[in-house]
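Below, each chain spelled out in residue letters.
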Amino acid sequence: MKITIGRFDKADFKEFSLFDIDVKIDSGAYTSSIHCSNIEEISINNENYIRFTLLDPQHPFYNNKEYSTKNYAMKLVKSSNGITQKRYLIQTEIFIFNTSFPIHLTLSERKDMKFPVLLGRKFLNKRFVIDTSRTNISHKQKNNYI
């Protein structure tokens with residue numbers, strides 16, 4: 001049975017110590033993405049890693065912490081304005097609806113966007129149905145508002 005999700009919500013990314021991060025449900029986007037900066041590929045002991053900082057200094061949850069992983073890939077992504085960009089893709093876990101789900105996220109500069117995380121079709125497909133008249137359904141369940 002599919003879970004009903006609204007047009008936006010809040011989610012946790014425990015691996016990054018991010019909790020109650022605003023997420024926008026975007027059925028127009030294929031991949032999911034997270035806002036970050038200082039994205040660079042580095043080599044440590046002849047192994048390639050991707051290093052990045054999540055969010056902006058202006059974001060209330062910004063912690064100025066650098067994250068790195070060797071579990072990444074490169075992906076071509078067409079943005080909403082039609083421009084194709086190369087983006088790094090990482091795998092992590094998202095905690096939403098009191099459940100942990102695996103998720104692939106592209107690392108993207110979204111500083112001018114209201115929502116630091118977009119959840120795209122690849123993540124939503126076969127799990128969720130979107131009710132655009134509702135918001136924060138998971139967050140309300142998490143905090144026992146329902």
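Scroll up for the structure.
Reading guide: rules and limits
- Residues numbered from 1 in each chain as written.
- Predicted model: local features only at pLDDT ≥ 70, side-chain atom pairs only at ≥ 80, totals over all residues.
- Heavy atoms only, no water.
- Helix = DSSP H or I, 4+ residues; strand = E, 2+ residues; numbered from the N terminus.
- Rg over C-alpha atoms; globule rule 2.2 N^0.38 Å.
- Buried < 20%, exposed > 50% of the residue type's maximum accessible area, 1.4 Å probe, protein only.
- Contact = heavy atoms within 4.5 Å.
- Areas by Shrake-Rupley, 256 points an atom, 1.4 Å probe, with all protein chains shown as cover.
- Core = buried A, V, L, I, M, F, W, Y, C linked by side-chain atoms within 4.5 Å.
- Salt bridge = Lys/Arg side-chain N within 4 Å of Asp/Glu carboxyl O.

K.L.:
I'd like a description of the overall build of the protein, backed by residues and values.
P.N.:
Within the protein, the secondary structure is distributed over 2 helices and 11 strands. When the helices and strands of the protein are placed in sequence order, the string is β-β-β-β-β-β-β-β-β-β-α-β-α. Whereas a compact globule of 146 residues would reach a radius of gyration of roughly 15 Å, the protein reaches 15 Å, a difference of no more than 12%. Along the first, second and third principal axes, the C-alpha set of the protein runs to 50 × 30 × 30 Å. Within the protein, buried positions represent 42% of all 146 residues. Sequence-distant contacts, at least 24 apart, represent 55% of the contacts inside the protein between residues at least 6 apart. In the structure as shown, the protein presents an accessible area of about 8,700 Å², 46% of it carried by carbon and sulfur atoms.

K.L.:
Could you give me a rundown of the side chain of Thr53, with the residues and numbers involved?
P.N.:
For Thr53, the position within the fold is in strand 5 (residues 47-54). Exposure remark for Thr53: the relative accessible area of 2% places this residue in the buried category.

K.L.:
Mind laying out the side chain of His35, listing which residues take part and the relevant values?
P.N.:
Tracing the chain through its elements places His35 in strand 4 (residues 32-44). On the accessibility criterion, His35 (3% relative accessible area) is buried.

K.L.:
Outline the nonpolar core, supporting the account with residue identities and numerical values.
P.N.:
In terms of nonpolar packing, the biggest core is built from 31 residues, with Phe13, Phe52, Leu54 and Leu119 touching the most fellow members. If you list the elements that add at least two residues to this core, you get strand 2 (8-13), strand 3 (18-25), strand 4, strand 5, strand 8 (84-96), strand 9 (99-108), strand 10 (117-119) and helix 1 (121-124). Setting aside its immediate chain neighbours within four residues, Leu119 contacts Val23, Lys24, Ile25, Asp26, Ser32, Ile94, Ile96, Ile103 and Leu124.

K.L.:
Can you break down the environment of Glu47 residue by residue, with the values?
P.N.:
If you trace the backbone, Glu47 turns up in strand 5. In this structure, Glu47 is in contact with Ile42 and Lys70, ignoring residues within four places of it in sequence.

K.L.:
An account of the pattern of salt bridges is requested, with residue identities and associated values reported.
P.N.:
Enumeration over the complete set of coordinates arrives at 6 salt bridges. Here Lys70 and Glu47 are joined by a salt bridge, their closest N and O atoms 3.1 Å apart. In this pair, Lys70 sits in the loop between strand 6 (66-69) and strand 7 (72-78) while Glu47 sits in strand 5, placing the two residues 23 residues apart along the sequence. On the accessibility criterion, Lys70 (47% relative accessible area) is partly exposed. For Glu47, a relative accessible area of 34% translates into the label partly exposed. If you follow the salt bridges from partner to partner, you end up with Asp12, Asp20 and Lys142 in one network.

Purely geometric numbers; function is a separate question.
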